[in-house]
Amino acid sequence: MNTHAGLLAEFLRLRVDESGKTLAVLSKEVVYSTSQISTYLSGRIPPRVFVVRLIAATVPPLLRERREVEALGLLRDAEHPPRNPAKPTAPAQASAIALAQVQAEQIQVYERLTRALEQEGELRQAAENSTRVVATAAGAFLTIGPAAVLLRAWRRRHHAGA
């Protein structure tokens, strides 16, 4: 296995790990058997279609295009290693992976905050609707209340006179 194939496999494994999906679930989504997926995640150079499908199945939409470009670049390097490969240093690889993880976490936090803001808007709308209902009920009570007093007075006079 060449170094670039190993980097590609590591990159793809990280995407799978971040997604939390099992190989069985991925198998259905990428249309490759679990043994083929395992082989490609172990360092064998996969076909381009596998890489594209795996990224689509494991990466959130906001990051998908960028991750696909990165993966295809790694695939190109694995298929055609540079003549004078500059070996990436372990700290550089680790920091790039850590950065990718932090970015993925930031996107998840952003998505949760967006959902929370949407829910806040829905709660505000519900509160406004409740206020309108209470105001309408109070208005109806204020309108009906005096009429009821007049009706009781009329009834007393009518029954008293009868």
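All figures in this text were calculated on a predicted structure; none of them were measured in a lab.

Secondary structure assignment for the chain yields six helices and zero strands. Its C-alpha atoms give the chain a radius of gyration of 33 Å, clearly above 15 Å, the size a compact globule of 162 residues would have. Here the C-alpha coordinates of the chain stretch approximately 115 × 35 × 20 Å along the principal axes. When burial is assessed residue by residue, the chain has 23% of its 162 residues classed as buried. Roughly 11,200 Å² of accessible area belongs to the chain as shown, and the carbon and sulfur atoms make up 60% of that amount. Taking the average location of the 21 positive side-chain charges in the chain and that of its 15 negative ones, the two points are 10 Å from each other.

As a further point, take unusual backbone geometry. For Val31, which is not a glycine, the phi torsion comes out positive at approximately 60°. Within the fold, Val31 resides in the loop between α2 (23–30) and α3 (34–41).

Describing an aromatic ring pair means giving the distance of the ring centres and the angle of the ring planes. Applying the stated criterion across every chain yields a total of three aromatic pairs. Judged by centre distance (6.2 Å) and plane angle (75°), the ring pair of Tyr32 and Tyr40 falls under edge-to-face. Each member of the pair, Tyr32 as well as Tyr40, carries the same accessibility label: buried. Geometrically, the ring pair formed by Tyr32 and Phe50 is edge-to-face, given 5.1 Å between the ring centres and 85° between the ring planes. Pair noted here: Tyr32 is in the loop between α2 and α3 and Phe50 is in helix α4 (residues 48–58), with a separation of 18 residues, a long-range link. Residue Tyr32 is classed as buried on the basis of its relative accessible area of 13%.

Before going further, it helps to spend a moment on the pattern of salt bridges. In total, this model carries six salt bridges according to the counting rule given. A salt bridge links Glu70 to Arg67; its shortest N-O distance comes to 3.1 Å. Taken together, the residues span about one helical turn, with Glu70 and Arg67 both in helix α5 (residues 61–79) at a distance of three residues. Given the relative accessible area of 2%, Arg67 is considered buried.

One finds Leu12, Val30, Ile37, Phe50, Val51, Leu54 and Ile55 to be the most contacted residues of the largest nonpolar core, which totals 24 residues. Counting residues per element, the ones that place at least two in this core are α1 (3–19), α2, α3, α4, α5 and α6 (90–161). Sequence-distant contacts of Leu54, defined by excluding residues within four places in its chain, comprise Leu12, Val16, Leu26, Val30 and Leu41.

This part covers the side chain of Ser27. Within the secondary structure, Ser27 sits in helix α2. When sequence neighbours within four positions are dropped, the list of residues in contact with Ser27 reads Tyr32, Ser33, Thr34 and Ile37.

This prediction gives the chain a mean pLDDT of 86; 92% of its residues lie at or above 70. Of all secondary-structure elements in the chain, the lowest mean pLDDT belongs to α6, at 82, while α4 reaches the highest, 96.

So, on to the environment of Thr143. The topology assignment puts Thr143 in helix α6. As for Thr143 and His4, which are separated by 139 residues in sequence, their C-alpha atoms are 81 Å apart.

With that settled, the discussion passes to α2. If you check which residues of α2 are buried, you get Leu26, Ser27 and Val30. Looking straight down α2, one finds that the buried residues subtend no more than 110° of arc, so they occupy a single side. Contacts made by the buried residues of α2 are with α1, α3 and α4. In the stretch just after α2, Val31 is the one whose phi turns positive, near 60°.

Rules behind the numbers
Every chain begins its residue count from 1, and numbering advances along the sequence as written. The model is predicted, so local features are restricted to residues of pLDDT at least 70 and side-chain atom pairs to those at 80 or more, both for listing and for counting; the totals for chains, interfaces and linings are taken over all residues. Hydrogens are left out, water is left out, and the side-chain values use all remaining heavy atoms of the structure. Think of it this way: any DSSP run of H or I at least four residues long counts as a helix, any run of E at least two long counts as a strand, and we number them from the N terminus. The atom set for the radius of gyration is the C-alpha atoms, and the globule formula is 2.2 Å times the number of residues raised to the power 0.38. Each residue is assigned to one of three classes by its accessible area relative to the maximum for its type, calculated with a 1.4 Å probe on protein chains only: buried under 20%, partly exposed between the two thresholds, exposed over 50%. Residue burial considers only the protein chains on display, and all accessible areas are found by Shrake-Rupley using a 1.4 Å probe. Positive residues here are Lys and Arg, negative ones are Asp and Glu, while His and the chain termini are left out of the count. By convention, the point assigned to a charge is CZ for Arg, NZ for Lys, CD for Glu and CG for Asp. Stacked, tilted and edge-to-face are the three classes assigned to paired rings of Phe, Tyr and Trp, where Trp is represented by its six-membered ring and a pair needs centres within 6.5 Å; plane angles under 30 degrees give stacked, over 60 edge-to-face, the rest tilted. One side-chain nitrogen of Lys or Arg within 4 Å of one carboxyl oxygen of Asp or Glu is enough to make a salt bridge. To qualify as a nonpolar core, a set must consist of buried Ala, Val, Leu, Ile, Met, Phe, Trp, Tyr and Cys residues joined through side-chain atoms within 4.5 Å. Whether two residues are in contact is decided by their heavy atoms, any of which lying within 4.5 Å being enough. The predictor's confidence in any single residue is recorded as pLDDT, a number from 0 to 100. It is the directions from the helix axis to the C-beta atoms that the arc portrays.

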